[in-house]
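# Commentary on secondary and tertiary structure
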Amino acid sequence: MWFANVAVVTALVGSAATAATPLTSANCKAATFQRYIDANGTHAKVQWATYIPANGTFNPMNYTSSSEYPTNLPEGCGVQINVPSEGNSSYLVGLILPYDWNGRLLSAAAGGGINWVDMGTGTHYGFATLSSNLGHVGIDTEGTWAIGRPEAVVDWGYRAWHGATVLGKLLIQNWYGSATKYSYFYGCSTGGRQSMKNMQEYPDDYDGILAGAPAWWTTHQQLYNLKQTTYQAPANSSHTIPEPMFDIIAAEVLRQCDPQDGLVDNIISDPAGCNFNPNVLMCNATSAADECLTAEQLATLYKIHNDWVDVNQTYVYGHMWLGSESSWLTGNIGLGEDSTIDQQYWYLRDLMGLSDFVWQDLDYSTVQLADQLNPGNATADRYDISAFHNRGGKFLHYHGLSDSYVSPDASIYYYDQAFSALKLQGVEMDDFYRLFLIPGMEHCYSTPDIMNAPWYIAGADQAAMINTGTYSVPGYRDAKHDIILAMMAWVENGTAPDSIIATKWKNDTTATEVLRQRPVCHYPYQAQYNGTGNPDEPTSWSCKLLY
């Protein structure tokens, strides 16, 4: 591979970098970056370089939706490079290089291609930002990109990120005249998997890793996505829970669980501690047909709310947590429709090669085969991350407890397995790895309307939910509220975050008037109401170990 002989520069510099040549629009040209690459003896090809004026918009993909490209950017230079890999594979690398640079790199995990939006967000802090398409165009689930391209699957699984990182650091050093002082990597969902996998395979690449709701257990996650769908299949069966019932179930879960966490506030702060009785939803002689569940439908609800446990009581994957019901329809559960099931086949058919697979074939032997094949070596299941600890790295991991795509159980399971692996070596988790479970947050961002829970912490994908010119936490740009700044404080100053204050605005698209804020404590601590004060103010809460 072309990047095998590229030295990863580790020299530290001051907060301001002195450029080798003046950074002007005249220098933001493909030829400039191609010279840097050629001088290093590599074979990557710069496709274009584009000057970005102050307060500029950057839309290299010509998207029509303003939510898909960054706006209001600082002055800088955008670059795209094509990198040959192994076999018939190659991948794209994107960089946005602000002229007012803070001496640091922030990589934004891929999201259906180069993640220009999260890269743009990072430039507002002053980061040079990087992303990649991991060797294919479009979202992962359009899996035909993998057919007949085994090297592309490896690039997608883990390899492209390391190559992109090495190349990015090389170009940054040449462009600014100084090496990166610190390097960070953030992503959510499959992007969280990408950041965790890179940490495990190449622990020296980054100083800090941010992983939100990571779909790290690829071999089990993809099969569980299908498993969830089959609970409702075939569509309109006697056991299928109809769409109108999802909100009714959500309301009943909230009614029962909200008081059990110690404060009635329309937020389920401790879904794992709720004793939920679903039988109150059972139909009786006077129930309206669309407002209750039959015995068969209750059995389906039981499956959704409980772990996938298979042969010899083997744990395969965790369940959907209480409080996630409002978004089941837009998640993987759906209504058992054929189109929903077809969306889940990409991993089995295109990556595992089971071209004739149908959902009725799914059983524990499928799980065993997935673990054996592990396409692209994508699963980020290395629990011994002592190499990352030993090089001084810091890992911040967060997950919304109302997530209906990736179970919060997956994050807790990884944390517990890592705890066991590291404890034997005398490594204290809190010294470098902290997990934050966010009550009421859905997948990566947002919250059910029924809860309006604080969820915004400036994590991956979150700023764009306000607008693509936003960064950090408007009105609260500090390490107490912004998880990126918290990571920087931990890596660079040794200030470990015991909690992150999550924010919910009255209008999330304007982010001008706060509805409520609340601390999210690092696991296994939980935020508990002090008993006095406004529960919508973070000072009314304390982090307590509940066992």
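Placed above this text is the structure.
Summarised in this report is the structure supplied together with it. (Residues numbered from 1 in each chain as written. Predicted model: local features only at pLDDT ≥ 70, side-chain atom pairs only at ≥ 80, totals over all residues. Heavy atoms only, no water.)

## Quick notes on the pairing of strand β9 (residues 314–317)
Applicable threshold: By the convention used here, strands pair only if DSSP detects at least 2 bridges between them. What counts as a helix is a DSSP run of H or I of at least four residues, what counts as a strand is a run of E of at least two, and both are numbered from the N terminus.
Note that strand β8 (residues 308–310) and β9 share three bridges and pair antiparallel. The residue of β9 that forms the bridge with W308 is Y317. Counting the residues between successive antiparallel strands, the hairpin from β8 to β9 contains three residues, one of them, N312, with a positive phi of roughly 55 degrees.

## Describing the side chain of K394
For clarity, the cut-off: Partly exposed describes any residue whose relative accessible area lies between the buried limit of under 20% and the exposed limit of over 50%, with all areas from a 1.4 Å probe on protein chains only and scaled to the type maximum. His residues and chain termini do not enter the charge count, which takes Lys and Arg as positive and Asp and Glu as negative. We define a salt bridge as a contact between a side-chain nitrogen of Lys or Arg and a carboxyl oxygen of Asp or Glu at a distance within 4 Å. Note on contacts: a residue pair qualifies if any of its non-hydrogen atoms lie within 4.5 Å across the two residues.
Counting through the fold element by element, K394 comes out in strand β10 (residues 394–400). D431 provides the closest opposite charge to the buried, unpaired K394, separated from it by 7.0 Å. Among residues more than four places away in sequence, those in contact with K394 are D207, G208, I209, F388, D431, F432, M487, W490 and V491.

## Considerations on the sheet that holds strand β5 (residues 128–132)
Note the following rule: To obtain each axis, a line is fitted to C-alpha atoms, and for helices this fit is confined to the stretch in contact; angles are then taken between N-to-C directions over 0 to 180 degrees.
One open sheet holds the nine strands; their spatial order is β1-β2-β3-β5-β4-β6-β7-β10-β11, and the pairing between them is mixed. Edge positions in the sheet fall to β1 (45–52) and β11 (433–438), since each of these pairs with one other strand and no more. Taking the axes of each pair of neighbouring strands and ignoring which way they run, one obtains an average angle of 15 degrees across the sheet. Inspection of the sheet shows strand β3 (residues 90–98) paired to β5 by four bridges, in the antiparallel sense. For I96, the partnering residue across the bridge sits in β5 and is T129. Here helix α2 (residues 116–125) sits on the sheet in contact with β1, β2 (76–84), β3, β4 (104–108), β5 and β6 (182–188), set at roughly 25 degrees to β3.

## With respect to empty space enclosed by the protein
Spelled out, the test is: Throughout, the protein atoms alone are placed on a 1 Å grid, and a set of points is a cavity if a 1.4 Å probe fits but cannot get out or a pocket if it is open with protein on both sides within 12 Å along at least five of seven lines; lining residues have an atom within 4 Å of a point. Grid points are joined across faces, edges and corners, and a volume is the space filled by probe spheres set on the points. Note on residue categories: nonpolar means Ala, Val, Leu, Ile, Met, Phe, Trp, Tyr, Cys or Pro, charged means Asp, Glu, Lys or Arg, and polar means any other residue, Gly included.
Summed over the entire model, instances satisfying the criterion amount to two cavities of 30 Å³ or more. Its volume calculated, the largest cavity comes out at about 40 Å³. Taken together, the residues of the lining of the largest cavity sort by class into seven nonpolar, three polar and no charged. Within this model, the second largest cavity holds a volume of roughly 40 Å³. Every residue along the wall of the second largest cavity is listed here: W156, G157, Y158, W161, R193, Q194, K197 and N198. At the level of elements, α3 (150–176) and α4 (190–201) are the ones that each hand at least two residues to the lining of the second largest cavity. When the residues that make up the lining of the second largest cavity are grouped by side-chain class, the tally is three nonpolar, three polar and two charged.

Note that every value here comes from positions in space, so none of it alone points to a role or purpose.
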